[in-house]
Amino acid sequence: MQLTSDAESPRTPGTVRPGGRTARTRAAVRDAVLTGLVEHGYPGLTVEYVAEHSGVHKTTLYRRWGGVEGLVADALDLAGEDTWTPPDTGSLHGDLTALAHEVLDTFADPAAAAAPSAFIAAAFQSDRAADALRAFYDERFRRCAPLVERAVGRGEVPAGTDASAVARAVSAPLFFRLFITREPLDAAVADQAVTAVLAAARAGAYAASPPEPTAGEPAGTAP
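Residues numbered from 1 in each chain as written. Predicted model: local features only at pLDDT ≥ 70, side-chain atom pairs only at ≥ 80, totals over all residues. Heavy atoms only, no water.

**Focus: the overall build of the protein**
No. 1: Across its full length, the protein holds 10 helices and zero strands.
No. 2: For the protein, the residues scored as buried account for 39% of the 223 residues in total.
No. 3: Within the protein, contacts between residues at least 6 apart in sequence are counted, and of these 64% link residues at least 24 apart.
No. 4: Summing over all exposed atoms, the protein offers an accessible surface of approximately 11,900 Å²; the carbon and sulfur share of this is 56%. (Helix = DSSP H or I, 4+ residues; strand = E, 2+ residues; numbered from the N terminus. Buried < 20%, exposed > 50% of the residue type's maximum accessible area, 1.4 Å probe, protein only. Contact = heavy atoms within 4.5 Å. Areas by Shrake-Rupley, 256 points an atom, 1.4 Å probe, with all protein chains shown as cover.)

This is how it looks when you write it as structure tokens:
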């Protein structure tokens, strides 16, 4: 969707996808939002700060993004437009291990962890940031579909395995330690998560649709 002109009707802040010069403006604003989140957190981020560090006048920021919530939401939206693809190591075990270690490596590096940590913190304080973060990860998990499709083709997991559920299950215990219990995260923890998810996936625990019970068998009864 292209940026509408000023003469057109108002748009929802933070939802435009401009091209050309406005794309460069959007990227500059995104960078300023990231810097502000890292330096001051969501409560300390202001439109004035973004204007100063992006070179975009604050009246333009208010008109296009509506305020801090719209700025943060659009920064996440722009981050989701990258070209990231899931790993392809030749086995589901290798792919899941690479995914888990990608999370581990990102958050083990303070510089790399600063921006995603700030976004996650903002999602606890802003409904729009939470919606944008959810959409970002929904897209990430959607891109993991080929990972499971390949595994199904190799006979590693049953047909109908939900790729999104598998990807979520691998990362969930890692994010729990990072942002809930604040426990140390290391390769052993990442590998343990992979082992558990792989066993569950092979057993059909992540089937997109649960199997229908056989005739005369109550739903939920084990075979």
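Now that the structure is up, let's keep going.
**Considering the environment of Gly-155**
No. 1: Tracing the sequence through the fold places Gly-155 in the loop between helix 8 (145–153) and helix 9 (163–181).
No. 2: Note: C-alpha distance between Gly-155 and Arg-202 (47 residues apart in sequence) is 9.3 Å.

**Topic: the environment of Thr-97**
No. 1: Counting through the fold element by element, Thr-97 comes out in helix 5 (residues 92–108).
No. 2: Judged by its relative accessible area of 19%, Thr-97 is buried.
No. 3: Between the alpha carbons of Thr-97 and Pro-87 there is a distance of 9.3 Å; along the sequence they are 10 residues apart.
No. 4: Beyond its immediate stretch of four places on either side in the chain, Thr-97 contacts Asp-191 and Val-194.

**Considering the nonpolar core**
No. 1: Membership of the largest hydrophobic core comes to 62 residues, with the highest contact counts inside it found for Val-33, Leu-37, Val-50, Leu-61, Val-72 and Leu-96.
No. 2: When sequence neighbours within four positions are dropped, the list of residues in contact with Val-33 reads Leu-45, Val-50, Leu-71, Val-72 and Ala-75. (Core = buried A, V, L, I, M, F, W, Y, C linked by side-chain atoms within 4.5 Å.)

**Remarks on helix 4 (residues 68–79)**
No. 1: Under the 1.5 Å per step criterion, the end-to-end length of helix 4 is 17 Å for 12 residues, consistent within 8% with the ideal 16 Å.
No. 2: With nine of 12 residues buried, helix 4 is to be regarded as a mostly interior element.
No. 3: Every buried residue of helix 4 is listed here: Val-68, Gly-70, Leu-71, Val-72, Ala-73, Asp-74, Ala-75, Leu-76 and Leu-78. (Expected span 1.5 Å × (residues − 1).)

**As for the packing of helix 5 against helix 10 (residues 187–202)**
No. 1: Between helix 5 and helix 10, whose axes approach to 9 Å, the crossing angle comes to 140°. Seen along the crossing, helix 5 lies across helix 10 with a hand that is right-handed. Two secondary-structure elements touch here, helix 5 through Leu-92, His-93, Leu-96, Thr-97, Ala-100, His-101 and Leu-104 and helix 10 through Ala-187, Ala-190, Asp-191, Val-194, Val-197 and Leu-198.
No. 2: Broken down by class, the residue content of the contact of helix 5 with helix 10 amounts to nine nonpolar, three polar and one charged. (Axes fitted to C-alpha atoms, helices over the stretch in contact; angles between N-to-C directions. Left-handed = near helix turned anticlockwise from the far one by under 90°. Nonpolar A, V, L, I, M, F, W, Y, C, P; charged D, E, K, R; others polar.)

**Brief notes about the pattern of salt bridges**
No. 1: Tallying each qualifying case throughout the model produces 15 salt bridges.
No. 2: Notably, a salt bridge pairs Glu-48 with Lys-58, separated by 3.8 Å at the nearest N-O pair. Of this pair, Glu-48 sits in helix 2 (residues 47–54) while Lys-58 sits in helix 3 (residues 58–65), and the two are 10 residues apart along the sequence.
No. 3: Judged by its relative accessible area of 40%, Glu-48 falls in the partly exposed class.
No. 4: One salt bridge in this structure joins Asp-88 and Arg-150, with 3.3 Å as the shortest N-O distance. A residue pair is termed long-range when its members are at least 10 positions apart, and Asp-88 in the loop between helix 4 and helix 5 and Arg-150 in helix 8 qualify at 62 residues.
No. 5: Classification of Arg-150 as partly exposed rests on a relative accessible area of 24%. (Salt bridge = Lys/Arg side-chain N within 4 Å of Asp/Glu carboxyl O.)

**Considerations on the packing of aromatic side chains**
No. 1: Within the structure shown, the criterion is met by six aromatic pairs.
No. 2: Taking 5.2 Å as the distance between ring centres and 90° as the angle between the ring planes, the aromatic pair formed by Phe-136 and Tyr-137 counts as edge-to-face.
No. 3: In this structure Phe-136 comes out as buried when scored by relative accessible area, which is 15%.
No. 4: Note on Phe-175 and Phe-179: the rings are 6.0 Å apart at their centroids and 15° apart in plane angle, and the pair reads as stacked. Separated by four residues within a single helix, Phe-175 and Phe-179 lie in helix 9, roughly one turn from each other.
No. 5: Relative accessible area serves as the criterion here: at 23%, Phe-179 is assigned to the partly exposed category. (Phe/Tyr/Trp six-rings, centres within 6.5 Å; stacked < 30°, edge-to-face > 60°.)

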